[in-house]
Amino acid sequence: NADEGQSRGIINECVKEYDGIICIFRGNETEGYRYVCGRASEKEEVSLRTLAKEMKEALGGSGGGSEVMIQGSAPAKKERITAFFEKKDEQYGAE
């Protein structure tokens with residue numbers, strides 16, 4: 001999918017300057033969302049495979065990937081996705 005390829009490209013560029021986790025969600029409330037998340041490879045203390053598992057449990061859908069990039073789908077509503085990541089920000093000590 002071209003959109004997923006573009007999302008991966010954007011994330012690859014962003015992680016050069018930002019050392020957190022970056023996620024791009026595309027979709028809507030009716031059909032659900034597709035996502036791609038990535039992080040800088042040197043941020044080894046954050047496992048994106050673990051994040052993918054937590055996202056599947058909390059948001060439904062599917063997903064997986066590597067330690068530095070994951071992708072998948074989430075049928076959850078935007079409000080639930082936002083709440084999930086706000087909790088993650090607190091857990092990881094986001095800036």
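A. Fine view of the side chain of Ser47. Inspection of the secondary structure assignment puts Ser47 in the loop between β2 (32-38) and α2 (48-59). There is a polar contact of 3.4 Å between the side chain of Ser47 and the backbone nitrogen of Arg49. Of note is the side chain of Ser47, whose polar atom sits 3.1 Å from the backbone nitrogen of Thr50.

B. Main features of the nonpolar core. Membership of the largest hydrophobic core comes to 15 residues, with the highest contact counts inside it found for Leu51, Met55, Leu59, Ile70, Ile81 and Phe84. Looking at this core, the elements with two or more residues in it are β2, α2, β4 (69-74) and α3 (78-92). For Met55, the contacting residues outside a window of four places in its chain are Phe25, Tyr35, Cys37, Gly60, Ile70, Phe84 and Phe85. Listed in part, the six residues of the second largest apolar core include Val15, Ile22, Val36 and Met69.

Rules used throughout
- Per chain, residue numbering runs from 1 following the sequence as it is written.
- Thresholds applied to this predicted model are a pLDDT of at least 70 for local features of residues and 80 or more for the giving and counting of side-chain atom pairs; totals over whole chains, interfaces and linings are not thresholded and use all residues.
- With hydrogens and water stripped out, all remaining heavy atoms of the structure feed into the side-chain values.
- For helices the rule is a DSSP run of H or I covering at least 4 residues; for strands it is a run of E covering at least 2, with both sets numbered from the N terminus onward.
- N or O atoms closer than or at 3.5 Å make up a polar contact, with two conditions inside protein: a donor-capable atom paired with an acceptor-capable one, and, for residues adjacent in sequence, both atoms drawn from side chains.
- By nonpolar core we mean a set of buried residues, namely Ala, Val, Leu, Ile, Met, Phe, Trp, Tyr and Cys, connected to one another through side-chain atoms within 4.5 Å.
- The buried label applies to any residue whose accessible area, calculated with a 1.4 Å probe on protein chains only, is under 20% of its type's maximum; exposed applies above 50%, and partly exposed to all values in between.
- We call two residues in contact whenever any of their non-hydrogen atoms come within 4.5 Å of each other.

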